[in-house]
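Close look at the chain arrangement
Listed below are the residues making up each chain.
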Amino acid sequence: MKILLTNDDGLYSAGLKAAYTALKDIGEIFVVAPAVQKSGVGRSLSIMEPIRVSEVTVNDMKVFAVDGTPTDSVIVGIYEVIGDVPDLTVSGINLGENLSTEAATTSGTVCAALEAATHGSMAIAISLQMPDVTKFELTSKDDFSFAGRVLKDVTKVVVKKGLPDGVDLLNINVPSKPNGRIAITRLARRMYKVSVEKRLDPRGREYYWIHGEEMEDADDGTDIHALRLGYVSITPLSIDLTARVDFGKIGRWFDGLRWEV
């Protein structure tokens, strides 16, 4: 069993170490992660600049530090470090939850797992709920022990049974105050009420901070709702973003459109 371990918080993340500890007895672990913090970069890929990789030891882990994105790390891990598609790719444990459709398209954690799944690897993304003030603290003092247990147990099930038909990856979110149970969920529509704050620098020039206020809750059956109630949320995701609609009906919307070429 070959397992590729990556993240978007960087190689010094306490969550990366916790994931390594949880997985090390399950298979051969290859840790390939961004050299620095890369949260929120989604599935971005470095195609206009070279990617450098350094082999370092961090917290007793051998890590291939990639000066690129989480997606870069997955591609380098598969085609250079391992030389083959791993049986399983795990992205995390992320510092902070990754919920809703927003996270599925902007989270480096989730998108690293998406990239691995595209290449044929079973994939898991896992994140731990925590306060905003500690989400980007790499030496976080938050307790990852329960999240590590969740990761280990879910991984054992996936290794034994594989992923269900039609599922490319599992997006797991672990609550800060767990009730000890799981909920299989769908993505909520939104996690944040986004706003832009305009400020002035010391020279009087305008600049902006994009930020958002977290939604207190969402519809029953969604990842946000489950996490708020203390459930470990497991959301099955598919790479195929095609809308499940009547193609004929959509086609009739555009009846009559023709172009001379």
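Here the structure is shown first, and the text comes after it.
Section: the overall build of the chain
- When helices and strands are counted, the chain shows seven helices and eleven strands.
- Judged by the C-alpha coordinates and their principal axes, the chain covers about 65 × 55 × 45 Å.
- For the chain, the share of sequence-separated contacts (at least 6 apart) that also reach a separation of at least 24 residues comes to 74%.
- Taken as a whole, the chain presents about 14400 Å² of accessible surface, with 53% of it coming from carbon and sulfur.
- Separation of charge centres in the chain, based on 29 positive and 36 negative side chains, amounts to 2 Å.

Digging into the pattern of salt bridges
- Taken as a whole, this structure holds seven salt bridges when the rule is applied.
- Between R199 and E197 there is a salt bridge, with the nearest N and O atoms lying 2.9 Å from each other.
- Given the relative accessible area of 35%, R199 is considered partly exposed.
- Under the relative-accessibility criterion, E197 is labelled partly exposed at 31%.
- Note that R244 and D240 form a salt bridge whose closest N and O atoms lie 3.8 Å from each other.
- With relative accessibility at 39%, the residue D240 sits in the partly exposed group.

Focus on the packing of helix α2 (residues 70–82) against helix α4 (residues 108–118)
- Put simply, α2 and α4 touch, their axes get as near as 8 Å, and they point 30° apart. In terms of axis orientation, α2 runs roughly parallel to α4. Crossing handedness for the pair α2 and α4: right-handed. Together, P70, T71, V74 and I75 of α2 and G108, C111, A112, E115 and A116 of α4 make up the contact between the two elements.

Here we look at the environment of P34
- Mapping P34 onto the fold places it in strand β2 (residues 28–34).
- For P34, a relative accessible area of 0% puts it in the buried group.
- Sequence separation between P34 and D67 is 33 residues; the distance between their C-alpha atoms is 5.8 Å.
- Leaving out residues up to four positions away in the same chain, P34 has contacts with T6, N7, D8, G10, L11, V66, G68, T69, P70 and S73.

Details of the sheet that holds strand β6 (residues 122–128)
- Read from one edge to the other, the open sheet built from nine strands follows the order β3-β4-β2-β1-β5-β6-β7-β11-β8, with strand pairing classed as mixed. A strand with exactly one partner marks an edge of an open sheet, and here the two such strands are β3 (53–58) and β8 (182–184). Along the sheet, successive strands turn relative to each other by an average axial angle of 25°, direction set aside.
- Note that strand β7 (residues 169–174) and strand β11 (residues 232–237) share five bridges and pair antiparallel. Bridged to N171 within β11 is T235.
- Sheet strands touched by helix α1 (residues 14–23): β1 (2–6), β2, β4 (61–66) and β5 (88–95). Its angle to β5, the strand with the most contacts, is close to 140°.
- Across the sheet, helix α5 (residues 145–161) is in contact with β5, β6, β7 and β11; its angle to β6 comes to roughly 165°.

A look at the packing of α1 against α5
- Put simply, α1 and α5 touch, their axes get as near as 9 Å, and they point 45° apart. With respect to α5, the element α1 is oriented oblique. Here α1 runs over α5; the crossing is right-handed. Between α1 and α5, the contacting residues are A19, A22 and L23 on the first element and G148, L151, K152 and T155 on the second.

Quick notes on the side chain of T69
- Residue placement: T69 occurs in the loop between β4 and α2.
- Judged by its relative accessible area of 8%, T69 is buried.
- When residues no more than four places from it in sequence are discounted, the contact partners of T69 are P34, V41, S44, L45 and S46.

Considerations on a nonpolar patch on the surface
- A contiguous nonpolar patch, built from V245, F247, I250, W253, F254, L257, W259 and V261 and spanning about 1100 Å² of accessible area, is present on the exposed surface.
- Judged by its relative accessible area of 47%, F254 is partly exposed.

Parameters and conventions
- Residues numbered from 1 in each chain as written.
- Predicted model: local features only at pLDDT ≥ 70, side-chain atom pairs only at ≥ 80, totals over all residues.
- Heavy atoms only, no water.
- Helix = DSSP H or I, 4+ residues; strand = E, 2+ residues; numbered from the N terminus.
- Contact = heavy atoms within 4.5 Å.
- Areas by Shrake-Rupley, 256 points an atom, 1.4 Å probe, with all protein chains shown as cover.
- Lys, Arg positive; Asp, Glu negative; His and termini not counted.
- Charge placed at Lys NZ, Arg CZ, Asp CG, Glu CD.
- Salt bridge = Lys/Arg side-chain N within 4 Å of Asp/Glu carboxyl O.
- Buried < 20%, exposed > 50% of the residue type's maximum accessible area, 1.4 Å probe, protein only.
- Axes fitted to C-alpha atoms, helices over the stretch in contact; angles between N-to-C directions.
- Parallel < 35°, antiparallel > 145°, perpendicular 65-115°, else oblique.
- Left-handed = near helix turned anticlockwise from the far one by under 90°.
- Pairing = 2+ DSSP bridges.
- Patch = residues over 30% accessible without salt bridge, like charges linked within 9 Å, V, L, I, M, F, W, Y side chains within 5 Å.

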